[in-house]
Amino acid sequence: MDAKVKKKKPNFFTAFFQRKKSGNDSKSSTPLSPVLPVLDTTLTILVATIDGIPAPGLKGALGGLLAIIRGVKLHNQNADALQELEAHLKQLIDAVLTPLKNAGSKALPQSLQDRITNLVTHIAEINNEANALASRGSTGRFFNGTDDAQVISGLNAQLRECLDRFMGHAESTVIDRLPRAHAAFNSKTRNSATKCFEGTRVNLLRRIFDWLDSKDYDEPRIFWLNGLAGTGKTTIAHTVAERCHHQRRLGASFFFSRDVTDRSNSHLVFSTIAHQLATYSTVFRTLIAQALESDSDAGHANFHTQLQHLIIQPLRKLAKTTPSVIVVMDALDECSQEKDVADILKLLATELRTLPFPMKFFITSRPEHQIRAAFESELLRAISKPFILHDIETSIVQEDIEIFLRHRLKEIATELSVGRGDWPSKGQLRILAERAVGLFIFASTAIRFIEDENYDDPERQLNTLIEVRSSGKNDTPFDGLDLLYSQVLAKAIPETAAINRREQFQVVVGTIILLLDPLPLNSIEALLQIEAKSARKALLRLHSLLAIPATDAGIPRVLHPSFQDYLTSPRRCTLPHAHINPLEHHGRLAKSCLACMSLSLKRNICNLTEIPTHNSHVKDLKSRLHAVSTKELRYACLHWATHVLKSQSEDLLVAKAVEDFAYSHFLHWLEYLSLIDSLETAIPCIKRAQQCALHIYYSALPFVPTDTILYKTYLSDLDRSITLVAGGERLWDPLLRTIEGHEDQVRSVSFSLDGSRIVSGSWDFTVRIWDSLTGALLNTLQGHERDVKCATFSPDCSHIASSSEDETIRLWDVSTGRELAKLEAHDRDVTSVAFAPDMQHLVSGSEDATVRVWDWRARKLLATLDGHDHYVRSVAYSHDSTRIISGSEDSTVRIWDAREYHLIETLRGHTAAVLSAIFSPDSTLIISGGDETVRVWRASTFEHLATLSGHASYVTSVAMSLDSTRIVSGSGDQTVKLWDALTYTLLNTFPGHLTAIWSVAFSPDGSRCASGSGDRTVRLWDTSTETRSISWTNRASYITSVAYSRQGTLIVSGSENGTLQMWDASTHLPIAAIQAHSREITSLTFNHDGTQIASASGDRTVRLWATEDHKAIVVLQGHERLVRAVAFSADGGRLVTGSEDTTIRIWSSKTGDSLLIIDGHSSYVMSVGFSTDGSRIVSGSEDASVRVWDSSNGLPLLKLEGHQRDVMGVSFSPDDTLIASASEDKTLRLWEASTGRCLQTFTGHTRDLRAVAFSDNSKYIATGSEDMTARLWHVVSGLVTTFEGHRGYVRSVAFSPDAQAIISGSEDGTVRLWDAQTHQSRILESHSSAVTCVSFSRDDSMAVLGTKDGTVQLWSMISGALLASLAGHTRYVTSVAFSPDQRHSASSSADMTVRVWDVVSYTVLHSFRAPTHVVTRVAFTADSTHVISYAGDKVELYSDLEFGHARSRKLNGHVGNPVADVLKSYDLAEPWLSHEWMDHRPHTIWTPWEFRGHVWPSHTSRVLLASNQDKVVIIDFQRVA
């Protein structure tokens, strides 16, 4: 071989082959391993799976690998290696095939293509090497002998390397999505990053390293080094980090800095640490990447979630033998969110102990109060090792400082040829060290001052420091440092300096120390509008205090935070011309930012096309933005508001600048923020505009309410925009935010006293904490085993108390989310809990009818208050903590002495359960809510002052503003109402929730209120007192009951607002809506022939209705409380009802007379039914029993016991052999009707059952539940299927006669029709003014609309005004049309009529009745003289429209030339609406959710939307060229 040719290093196979040639080829008699056939099969499947997947070369490479494996002998001794190889191949399947299959026929991303190419190349190299060796080895075998295990081992090693490369790239891509700060100890952004000088800090470092190196698992996980400013904490932290880094033990480091935004942001701490941990270890990287793949938003969550999801949960999967990992956090006190610091520490203390291996945190900080208090808490003391740096013996620290000074001054002497070898003297050195008073920052600053080349005289500089004497008082540890800073500044800017020099220092240095993000020198000059190079001049001779860059494009920084502290403290900085007043300088920066924006911002700053385009679709957006944007403009746009707030200024110039900006450039600012991808963080409420900058003008502005300053100010910007012709709002919607996250009903909401947070309790067993401004989830508290009924903050915001159906009260630490205690004594659901304002005690109310008082800190029950006769639903304290109030289902409010624990007074007046009762914040009033009213009482005399009426259902919650001027109430009618507490008048109504509201709360400042609802949301409302006109047509209302007629032709539903709705069962279209009752309808049923409907109601009546004309026939009265259930006998002659008065009544359906009263249940009767033969009645009750009665005399026949809670539904099977019962104990029970024996207990529902029904063939049962599902059961085999889709409790179910369909009614306001075979559903749309069809006049000046309630509406497309609403049709309108001459319109309806209208006089001209079919379409002939109607295959022609004797005739074949005005419409499910006209270019706008619905584009530039809220909206896309 040529000596110049470099030999290739042999890989595993080459080395192995050479060893085999020199060894023996002995055969083994070891039994064959069973592993290889499995491995062969695995790889064969893998190779076959590659077919059809776009991965060139991969199949061939894996096929070669299969051939190698088949050439290996089977031995037990290589079984472990083969199993490892099989695991690697399975890993290959997951890693490679999953992204390939997901891509399908789509082009693969380039990054994935590159990774696959590299993988194929690597596997091919393995194959080539093995084949080459095999060709030189034994014939017919790749390898022989017992050394095959080494072959497999080699394959494992190389295949593992392949996978590591392939997967590592994928994981890195995921990890790189984590938001992070450049805060590592070795980051380029850190200035003067140095470690401890050699020979200094020896004992301290040894102590720290001993802690780091300890193998003791119980060693404290946190080392807290605290010390005053300048004591060298950061240098020590850097030394620790560097040492651990060299030892491969540094998992992560975060060096805080107050003057760098990302390095002072608490929300970037744990995401940054997670990113560094992933870089530190491939094992960590894989685990963290998996966590991110399962929760892609974890990196943007609150820091508690980040720590849990990105660090703790992934690393819990590691073994106990995992080596310890070190994390260094320096200058924790420089975190800008001070309130988060203690929370971070408590979280670490809570979570670190849960890891199986030691992860240690080395933390440094100043001894600030909140940090010191956290470390002194019991939680931190148990897991931390504190060390106070400034308590080290002074002589030791001084010796270390002398070592440092001696060495550095000798270096200066050598480099600058100073002295004759005797400089500095021992005396000078000692004096300088003494002046440091233990502060290393003094020593380092002194050295920089002495060697400053701007003075070029180190000896004189040293003498300056030595000769000036201090006052000698040494009142603080910083006196010496302050003197040093004063000396440097006096030298750099003497009092004799020119005024402009001193002003330059103030302006430039003040800016540098107060900037919220660092800026280069030239950007500072541009922002301040000062001359070029003037900033550098201002910093002359300040190199010992500031890091001054070599070029003007570099960033100047303060070398140590103590200098900023000195400059901004008037007590410490005694040089008048040097002191920086933060308030004044923030004001100056605010004005500079506003001026910068006013000069640079304009509409369409990047000159984008005037057709709004998504930012991501503008290919050259980056270059366009670079051309017009500067660092100072970006800074100004991001931070101007913060500077205004920090200035706390009453400076009229600042106020004027803000006003001018708001009137001239507000929208331009939003546009720029969109372009730099910062709109979401700057203004969360305009999040949608993030995607397209110009939609600030085109989409947002047209929908701004017209009576607002914003709209009026920027009205001129609408000249060239899309305009809203009709349907807009006059004022802002009071709904500020909808917070989603709970998985079940929200039963409780409460604000923290500082207003920053909201706590909510839910039936999903969780308590959640939210940011009250952004709606962001801050923490989820888990521990309760059943529904959470109440959650509230302690007055100092540090604790949360929650109560639950699990009969416990739990106490939580707000900062960590840790459960602190569980209080147990109640023996039923704990419904309410409240802290005493003085924080001494806690009160709770329960379904056990008691009120209990606790010493919550001692976890001790103090008293039990008895007296209520039913469930206690609400408890609260008076403001002075001396009285307790409770509200109960016994309809009373009770006042108790909170110290002596006796009853003071009982307030009576409510006619039903009192669900909420409170004292006013000033303790002068009592507010209670129940029945349908809010009542106000005088707290001193208990006099009833007022009853606030207006809710249409029970009042569930009341709250009062802190100033005691307003009351807010929530109700089962899905509304929040705001009342004036002085005049007792209604101020506002806030609709929007989809189901009942369970809790309301005021923010401390009274500007907002929160509501929690059964629709799983928390909503925030603006409570400003101006009454708004809120469109609320056809709000969703609870569906409480549904029924199917036995003929299968009709469906009926009843709702919580008393409305009875009928549908055609074949067409699924609404027939009629009847306001049947004044309160909720609780139950509905058809008689046997379908001619009558019976409805029971909360108004204590039962009413009978004719299905033909929808008129009332008879009213049954007699029950003393709410009627819960009604059923017809099979012959239709009798009715049975059950009531909350605990009685059952039998009535004559003809006369309405009460025939029999049955009394036997001990609580509410919730359900009743007749047997098919009419001889028996079955009833279910809140007393948990099912009873069977003789219908002729009311005598009890059977009592069926077994249910553990309320029985909500009962039914006889149609063959009278079975009884089904549904209960709140979550079970469905099947009983033998003759004996009462329980035959089956079906489980499956996860929450209370509310309804049950049999199919006509008696084989199937349907149930409805609070788990929001309906279920279908076979009476023998059990569950058949689950119907999912409702978003509220399913309150009622019924079968169609043929059992092929099931209907369900829900608290989400919908009736769903389910196909029993396919399990698909459709929602039956309610009777409303929703638009069904639209037609435009030929010139587009008018539109005619048909609606569901049968009205025909005429709209002006020019002004957007409703011209007329034409009544006449009795059912929904199926079609409308305009005549070509625009004088008439025609409409057809499901009432089988066609009407012709005069569009000038708004009167009906003719009405024609279709004989057999519903007319589905109408049209005019081209000459406007005839109307043509289409009904199935029947076509009619109506003529002589101008005259009263218009004629009609049937048409066969061709109709002539009608004007077919059938418009194509579509549903607007997405927020973006596009319209293409004239120039055939699509014009797009974003629409708010309340404006979305059915879209009808006109012939020209206008589009009509019939919104989901029954609003008509007209949008004009016309543009000025």
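From a predicted model like this one, the values you see are computed outputs, not experimental measurements.

**Some words on the overall build of the protein**
Looking only at helices and strands, one finds 31 helices and 83 strands in the protein. Classification of the 1521 residues of the protein by burial places 59% in the buried group.

**Focus: the pairing of strand 29 (residues 944-949)**
Sheet topology places strand 28 (residues 933-938) next to strand 29; five bridges connect them, and they run antiparallel. Counterpart to valine 934 in the pairing with strand 29 is leucine 948. Linking two consecutive strands that pair antiparallel, namely strand 28 and strand 29, is a turn of five residues; a positive phi of about 65° is found at phenylalanine 942 within it.

**Some points on empty space enclosed by the protein**
One way to see where empty space is left: roll a probe the size of a water molecule over the atoms. Inspection of the entire model under this criterion finds two cavities of 30 Å³ or more. As a volume, the largest cavity reaches approximately 60 Å³. Its residues assigned to classes, the lining of the largest cavity shows six nonpolar, no polar and three charged. For the second largest cavity, the calculated volume is near 40 Å³. Surrounding the second largest cavity, Phe765, Arg786, Asp787, Glu805, Lys1226, Thr1246, Arg1247 and Asp1248 form its lining. Partitioned by chemical class, the residues of the lining of the second largest cavity number one nonpolar, one polar and six charged.

**Description of the packing of aromatic side chains**
Tallying each qualifying case throughout the model produces 17 aromatic pairs. Between the aromatic rings of phenylalanine 254 and phenylalanine 256, the centroid separation amounts to 4.6 Å while the plane-to-plane angle is 50°, which identifies the pairing as tilted. In this structure phenylalanine 254 comes out as buried when scored by relative accessible area, which is 0%. Taken together, a centroid distance of 6.3 Å and an interplanar angle of 35° make the contact between phenylalanine 284 and phenylalanine 357 tilted. A residue pair is termed long-range when its members are at least 10 positions apart, and phenylalanine 284 in helix 10 (residues 282-294) and phenylalanine 357 in the loop between helix 12 (338-352) and strand 4 (359-365) qualify at 73 residues. Residues phenylalanine 284 and phenylalanine 357 agree in their burial class; the two are buried. Residue placement shows arginine 221 over the ring face of tyrosine 217; its charged tip is 4.7 Å from the ring centre.

**Here's the deal with unusual backbone geometry**
Residues other than glycine seldom take positive phi values, yet aspartate 931 does so here, at roughly 20°. Mapped onto the secondary structure, aspartate 931 falls in the loop between strand 27 (925-930) and strand 28. A relative accessible area of 7% places aspartate 931 in the buried class. The phi torsion at methionine 1268 lies on the positive side, around 75°, for a residue other than glycine. Residue class for methionine 1268 comes out buried when judged on its relative accessible area of 3%.

**Points about the side chain of aspartate 400**
Within the secondary structure, aspartate 400 sits in helix 15 (residues 394-416). Summary of buried charges: aspartate 400 has no salt-bridge partner, and the nearest side chain of opposite charge, arginine 201, is 4.8 Å away. Ignoring sequence-local partners within four residues, the contact set of aspartate 400 consists of Gly199, Thr200, Arg201 and Phe440.

**With respect to the sheet that holds strand 40 (residues 1070-1075)**
Taking strand neighbours across the sheet as the criterion, the four strands line up as 37-38-39-40 in an open arrangement whose pairing is antiparallel. Two strands close off the open sheet at either side, each with one partner strand: strand 37 (1039-1044) and strand 40. The sheet shows a mean angle of 15° between the axes of neighbouring strands, taken without regard to direction. With five bridges joining them, strand 37 and strand 38 (residues 1050-1055) adopt antiparallel strand pairing. Considered in strand 38, the bridge of isoleucine 1039 is made with serine 1055.

**Focus on the packing of helix 7 (residues 202-213) against helix 8 (residues 233-246)**
The N-to-C vectors of helix 7 and helix 8 enclose an angle of 45°; their axes lie 11 Å apart at closest approach. Judged by the angle between their axes, helix 7 and helix 8 are oblique. Considering the relative orientation of helix 7 and helix 8, their crossing is right-handed. Packed against helix 7, whose contacting residues are Leu204, Leu205, Ile208, Phe209, Leu212 and Asp213, the element helix 8 presents Ile236, Thr239, Val240, Arg243 and Cys244 at the interface. Partitioned by chemical class, the residues of the contact of helix 7 with helix 8 number eight nonpolar, one polar and two charged.

**Remarks on the environment of aspartate 931**
Considering only alpha carbons, one finds aspartate 931 and serine 953, 22 residues apart in sequence, at a separation of 7.3 Å. Residues within four places of aspartate 931 in sequence aside, it is in contact with His910, Thr911, Ala912, Ala913, Ser953, Tyr954 and Val955. A distance of 2.8 Å separates a polar atom in the side chain of aspartate 931 from the backbone nitrogen of threonine 911.

**Points about the packing of helix 15 against helix 16 (residues 426-436)**
One can describe the packing of helix 15 onto helix 16 by two numbers: an axis separation of 9 Å at closest approach and a directional angle of 130°. In this view, helix 15 runs oblique relative to helix 16, as classed from their interaxial angle. For the crossing formed where helix 15 meets helix 16, the hand is right-handed. Within the contact between the two elements, helix 15 uses Gln398, Ile401, Glu402, Leu405, Arg406 and Leu409 and helix 16 uses Leu429, Arg430, Leu432, Ala433, Glu434 and Ala436.

**Considerations on the nonpolar core**
Most often, soluble globular proteins have nonpolar side chains that are buried together. Residues Ile236, Phe362, Leu489, Leu542 and Met597 are the most contacted members of the largest nonpolar core, which totals 114 residues. Counting residues per element, this core draws most heavily on helix 17 (residues 440-450), which supplies eight residues. Those residues in contact with methionine 597 that sit more than four places away from it in its chain are Leu633, Ala636, Cys637, Trp640, Phe661 and Trp669. In terms of nonpolar packing, the next biggest core, distinct from the first, is built from 56 residues, Phe303, Leu307, Ile363 and Leu379 among them.

**Digging into helix 16**
All of the buried residues along helix 16 are Gln428, Leu429, Leu432, Ala433, Arg435 and Ala436. For helix 16, the buried positions fall inside an angular range of 155° around the axis, keeping them on one side. On its buried face, helix 16 sits against helix 15, helix 17, helix 18 (458-467) and helix 19 (479-492). Of the residues flanking the end of helix 16, it is valine 437, one or two places downstream, whose phi is positive at about 50°.

**Quick word on the pairing of strand 37**
Judged by how many residues are buried, strand 37 sits mostly within the fold: six of six residues are covered. Linking two consecutive strands that pair antiparallel, namely strand 37 and strand 38, is a turn of five residues; a positive phi of about 75° is found at glycine 1048 within it.

**Structural notes on helix 7**
A rise of 1.5 Å per residue sets the reference length of helix 7, with its twelve residues, at 16 Å; its end C-alpha atoms lie 16 Å apart and thus fit the reference within 8%. Buried residues of helix 7: Leu204, Leu205, Ile208, Phe209, Trp211 and Leu212, and no others. Within helix 7, the buried residues cover an arc of 155° as seen down the axis, which keeps them to one side. Contacts from the buried residues of helix 7 go to strand 1 (222-226), helix 8, strand 3 (325-330), strand 4 and strand 5 (384-388).

**A short note on the environment of leucine 481**
Note that leucine 481 resides in helix 19. Residue classification places leucine 481 among the buried residues on the basis of a relative accessible area of 0%. Separated by 46 residues in sequence, leucine 481 and arginine 435 have C-alpha atoms that sit 7.9 Å apart. Not counting residues up to four positions away in its chain, the partners in contact with leucine 481 are Leu439, Ile441, Phe442, Ser562 and Arg572.

**Focus: the pattern of salt bridges**
Following the criterion strictly, the structure yields 43 salt bridges and no others. Where aspartate 848 meets arginine 852, a salt bridge forms, and the shortest distance between an N and an O atom there is 3.7 Å. Residue classification places aspartate 848 among the buried positions, given a relative accessible area of 15%. Given the relative accessible area of 12%, arginine 852 is considered buried.

**A few points about the sheet that holds strand 56 (residues 1238-1243)**
Taken in spatial order, the four strands line up as 53-54-55-56 in an open sheet, and their pairing is antiparallel. Sheet topology places strand 53 (1207-1212) and strand 56 at the edges, where each strand pairs with a single neighbour. Ignoring which end each strand starts from, the neighbouring axes of this sheet average 15° apart. Sheet topology note: the strand 55 (residues 1227-1232)/strand 56 ladder contains five bridges and is antiparallel. In the sheet register, leucine 1228 faces strand 56, and the bridge partner there is phenylalanine 1242.

**Thoughts on the confidence of the model for the protein**
Taken residue by residue, the protein gives an average pLDDT of 80. The fraction at 70 or more is 76%. Taken as a whole, residues 1-35 scores under 50 in pLDDT and shows 54 contacts with residues more than four places along the chain or in a different chain. This model gives residues 683-699 a pLDDT under 50, and the stretch forms 65 contacts once residues within four places in sequence are excluded.

**Some thoughts on the environment of valine 1418**
With respect to the helices and strands, the residue valine 1418 is situated in strand 73 (residues 1417-1421). Valine 1418 gets classed as buried once you look at its relative accessible area, which sits at 2%. Sequence spacing of valine 1418 and leucine 1437 is 19 residues, and the spatial spacing of their C-alpha atoms is 9.9 Å. Setting aside its immediate chain neighbours within four residues, valine 1418 contacts Ser1375, Val1376, Ala1377, Ala1386, Ser1387, Ser1388, Val1394, Val1427, Ile1428 and Ser1429.

Cut-offs applied
Residues numbered from 1 in each chain as written. Predicted model: local features only at pLDDT ≥ 70, side-chain atom pairs only at ≥ 80, totals over all residues. Heavy atoms only, no water. Helix = DSSP H or I, 4+ residues; strand = E, 2+ residues; numbered from the N terminus. Buried < 20%, exposed > 50% of the residue type's maximum accessible area, 1.4 Å probe, protein only. Pairing = 2+ DSSP bridges. 1 Å grid on protein atoms, 1.4 Å probe; cavity = no way out; pocket = protein on both sides within 12 Å on 5 of 7 lines; lining within 4 Å. Points joined across faces, edges and corners; volume = space filled by probe spheres on them. Nonpolar A, V, L, I, M, F, W, Y, C, P; charged D, E, K, R; others polar. Phe/Tyr/Trp six-rings, centres within 6.5 Å; stacked < 30°, edge-to-face > 60°. Lys NZ or Arg CZ within 6 Å of the ring centre and 35° of its normal. Lys, Arg positive; Asp, Glu negative; His and termini not counted. Salt bridge = Lys/Arg side-chain N within 4 Å of Asp/Glu carboxyl O. Contact = heavy atoms within 4.5 Å. Axes fitted to C-alpha atoms, helices over the stretch in contact; angles between N-to-C directions. Parallel < 35°, antiparallel > 145°, perpendicular 65-115°, else oblique. Left-handed = near helix turned anticlockwise from the far one by under 90°. Polar contact = N/O pair within 3.5 Å; in protein donor to acceptor, adjacent residues only side chain to side chain. Core = buried A, V, L, I, M, F, W, Y, C linked by side-chain atoms within 4.5 Å. Arc of directions from axis to C-beta. Expected span 1.5 Å × (residues − 1). pLDDT = per-residue confidence, 0-100.

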